[in-house]
2 protein chains.
Amino acid sequence: MNEDIKKNIVKNWFKILQNVICRDIEEIENKKNIFKSKSWLRGKSKNEGGGEFRIYENGKVFDKVGVNFSEVYGTFSKKFKNKIPGTNKSPKFWASGISVVMHMKNPNVPAMHFNTRYIYTSHGWFGGGMDITPSKKDIVLKKWYHEELKQMCDQHNKKYYKSYKKWCDDYFYLPHRKEMRGIGGIFFDYKKKNWEKDFSFVRDVGITFKNIYRQIILKKHKVKWNKKDKETQYIKRGRYVEFNLLYDRGTKFGLQTGGNVEGILMSLPPLAKWK
Amino acid sequence: MNEDIKKNIVKNWFKILQNVICRDIEEIENKKNIFKSKSWLRGKSKNEGGGEFRIYENGKVFDKVGVNFSEVYGTFSKKFKNKIPGTNKSPKFWASGISVVMHMKNPNVPAMHFNTRYIYTSHGWFGGGMDITPSKKDIVLKKWYHEELKQMCDQHNKKYYKSYKKWCDDYFYLPHRKEMRGIGGIFFDYKKKNWEKDFSFVRDVGITFKNIYRQIILKKHKVKWNKKDKETQYIKRGRYVEFNLLYDRGTKFGLQTGGNVEGILMSLPPLAKWK
């Protein structure tokens, strides 16, 4: 298949998924047209793509949720080029992706994060994953959540779950705190073995994320909580901010390649505390 | 003068200043023994110094204030060594400093930050500065504040103010937001021309900080404010967090050299918001 067709198919999938997830969130909130949408362009004069991020705040179920789509292209700066595969001969790139971050009102519902992307330099690859961050220990949830992920991964390749779970654990770690950001999930990158199969996996990750957050929310969002639980959640959100600003590659990549600041920092919680 | 004596004198000054500032804050709050104090050691088995940070939260005037003293020594890691002057022949270092961060209850009072330090590798130098971050425009305050700083600087060297003000403006800048963190102040580093004179300047910076925060607080902390002003302050604090975690050299230095995490991240506000 022609690479332009591939890019187009992938991009359309990310766009569709953005719509599906936004509609789903509206259904959970039981309210229509709740998202503020903002479209942005990457280059000012040149055509370098852009994106659309949708944000919803102060809901009954969600404190803040962002659903971000982007398609950007252009040339990497010299500094950045060497860090990205396939840029030896040319600094050109194309990238499209979707990312979702949910910060929940009820502290019994974990914060949830998902993204998938396709990057093309002189070759193309997929990356992405999902992870969740409860503010308190919940062994039952953790077990169920990881089993869901394993089941989905196993349908594609029996080796995926173990390897992508480890990648996730290694990635979402705060060395200065010696603690994990949350309870992990899956994380993968440089996926480029078989485009059709890889893309099918990427679609499945998106659908599985939708099923997972939906089930967790429906199970947990009516569980009672008190002020102390909320304080614990605010402190946990402080750790979330620390991770995203100190270590997250996506945040650094975005800020250094002139991405949309509001869109990139959409992942930050609406309110965080430090003791 | 012997270098050990110099280190000792400098360290004692930083300790005295910590006491003076803490007593001053207690006077402003009109309450005694309000600080929680925590001493920490840098190395676990080895003797590599440590520090004491003092923190006070939820006061009448202060939302959160930290007054941090440290004296650490040891050897730099290979990664770090090349970034620090005077480490060509030996990776050994000694460093002592005081840092203060004030996050105020009344949004009409700026957040205020100050630090001074002395670092010795194969030679010694002073560094430090102060800067303040109002959450809204205040031309009168800005003018007065910078005049105070200029007056103090001029007593030492007519060139200091202009040069250290610029250094501060360049440093406390958020490139991704294209905005300054606050309204600046002074910032200096690698100060090693004349130990006696440099140390006298460093002491004056500390004393001037004390005069400045005291006057600003007394002038402003009874000015009326509303919920909207507080929200503006919370958003401004979000920018403060972004700066400290994305760009601040002190934070990076501390986290990468195994400093005390609580002490290093003491600078973060108690509560920050993102829209």
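Each value, and the rule that gives it
Residues numbered from 1 in each chain as written. Chains lettered and ligands numbered in written order. Predicted model: local features only at pLDDT ≥ 70, side-chain atom pairs only at ≥ 80, totals over all residues. Heavy atoms only, no water. Helix = DSSP H or I, 4+ residues; strand = E, 2+ residues; numbered from the N terminus. Rg over C-alpha atoms; globule rule 2.2 N^0.38 Å. Buried < 20%, exposed > 50% of the residue type's maximum accessible area, 1.4 Å probe, protein only. Pairing = 2+ DSSP bridges. Patch = residues over 30% accessible without salt bridge, like charges linked within 9 Å, V, L, I, M, F, W, Y side chains within 5 Å. Areas by Shrake-Rupley, 256 points an atom, 1.4 Å probe, with all protein chains shown as cover. Salt bridge = Lys/Arg side-chain N within 4 Å of Asp/Glu carboxyl O. Lys, Arg positive; Asp, Glu negative; His and termini not counted. Charge placed at Lys NZ, Arg CZ, Asp CG, Glu CD. Axes fitted to C-alpha atoms, helices over the stretch in contact; angles between N-to-C directions. Contact = heavy atoms within 4.5 Å. Buried area = accessible area lost by both parts, 1.4 Å probe. Polar contact = N/O pair within 3.5 Å; in protein donor to acceptor, adjacent residues only side chain to side chain. Parallel < 35°, antiparallel > 145°, perpendicular 65-115°, else oblique. Nonpolar A, V, L, I, M, F, W, Y, C, P; charged D, E, K, R; others polar. Least-squares fit on C-alpha atoms with pLDDT ≥ 70 in both.

Counting secondary structure elements, chain A contains eight helices and ten strands. Compactness check: chain A gives a C-alpha radius of gyration of 18 Å against a globular reference of 19 Å for 275 residues, within 12% of the reference. Structurally, chain A occupies a C-alpha span of about 55 × 45 × 40 Å along its principal axes. Relative to its 275 residues, chain A shows a buried fraction of 60%.

Residue and element names in this part refer to chain B. Most of strand β2 (residues 49-57) sits inside the fold, with eight of its nine residues counted as buried. Note: β2 against strand β3 (residues 62-75), nine bridges, orientation antiparallel. Residue Phe-53 lies in a different strand from β3, and its bridge partner there is Asn-68. Hairpin connection from β2 to β3: four residues lie between these consecutive antiparallel strands, with Asn-58 at a positive phi of about 55 degrees.

Quick look at a positive patch on the surface now. A contiguous patch of positive charge on the surface is contributed by A:Lys79, A:Lys83, A:Lys252, B:Lys79, B:Lys83 and B:Lys252. Following the sequence through the fold, B:Lys79 ends up in helix α2 (residues 78-81). B:Lys79 gets classed as exposed once you look at its relative accessible area, which sits at 58%.

Residues and elements named next belong to chain A. Here we have seven strands laid out as an open sheet, ordered β1-β2-β3-β4-β5-β6-β9, and antiparallel in their pairing. Two strands bound the open sheet, and with one partner strand each, they are β1 (36-41) and β9 (185-191). Between one strand axis and the next, the sheet turns through 10 degrees on average, direction left out of account. Inspection of the sheet shows strand β3 (residues 62-75) paired to strand β4 (residues 92-104) by 13 bridges, in the antiparallel sense. Across the sheet, the residue bridging to Lys-64 is His-103, located in β4. Against the sheet, helix α1 (residues 3-29) touches β2 (49-57), β3, β4, β5 (111-120) and β6 (124-133), its axis set at about 170 degrees to β3. Running at roughly 165 degrees to β5, helix α5 (residues 195-220) makes contact with β3, β4, β5, β6 and β9 of the sheet.

Time to look at the interface of chain B and chain A. Counting residues at the interface gives 19 residues for chain B and 19 residues for chain A. Here chain B meets chain A over a buried area of about 1,900 Å², counting both sides, of which 70% is carbon and sulfur. Where chain B meets chain A, there are zero salt bridges. Seen at the junction of chain B and chain A, the total is three residue pairs in polar contact (both at pLDDT 80 or more). Elements with a minimum of two residues in the side of chain B that touches chain A: α6 (227-246) and β10 (271-273) of chain B.

Once that is clear, we can look at the packing of helix α1 (residues 3-29) of chain B against helix α5 (residues 195-220) of chain B. Residue and element names in this part refer to chain B. Two elements in contact, α1 and α5, have axes separated by 11 Å at closest approach and are oriented at 5 degrees. In terms of orientation, α1 and α5 fall into the roughly parallel class. Every residue of α5 that contacts α1 at Lys-6, Ile-9, Val-10, Trp-13, Phe-14, Leu-17, Val-20, Ile-21, Asp-24, Ile-25, Glu-27 and Ile-28 is listed here: Trp-195, Phe-199, Val-202, Arg-203, Gly-206, Ile-207, Phe-209, Lys-210, Tyr-213, Arg-214 and Ile-217. Here the contact of α1 with α5 is composed, by residue class, of 16 nonpolar, one polar and six charged.

Attention shifts here to the relation of the copies chain B and chain A. With an RMSD of 0.0 Å, chain B superimposes on chain A once it is rotated by 180 degrees and translated 0.0 Å along the axis. As the rotation angle and translation indicate, the two copies are arranged about a two-fold axis. Most of the interface of chain B is mirrored in chain A, where 100% of its interface residues are also at the interface.

Looking now at the packing of helix α3 (residues 139-154) of chain A against helix α4 (residues 160-171) of chain A. All names here are of chain A. Interhelical geometry of α3 versus α4 gives an angle of 130 degrees and a closest axis separation of 8 Å. The angle between α3 and α4 falls in the class oblique. The residues of α4 that touch α3, namely those facing His-146, Leu-149, Lys-150, Cys-153 and Asp-154, are Tyr-160, Tyr-161 and Lys-165. For the contact of α3 with α4, the per-class residue count stands at four nonpolar, one polar and three charged.

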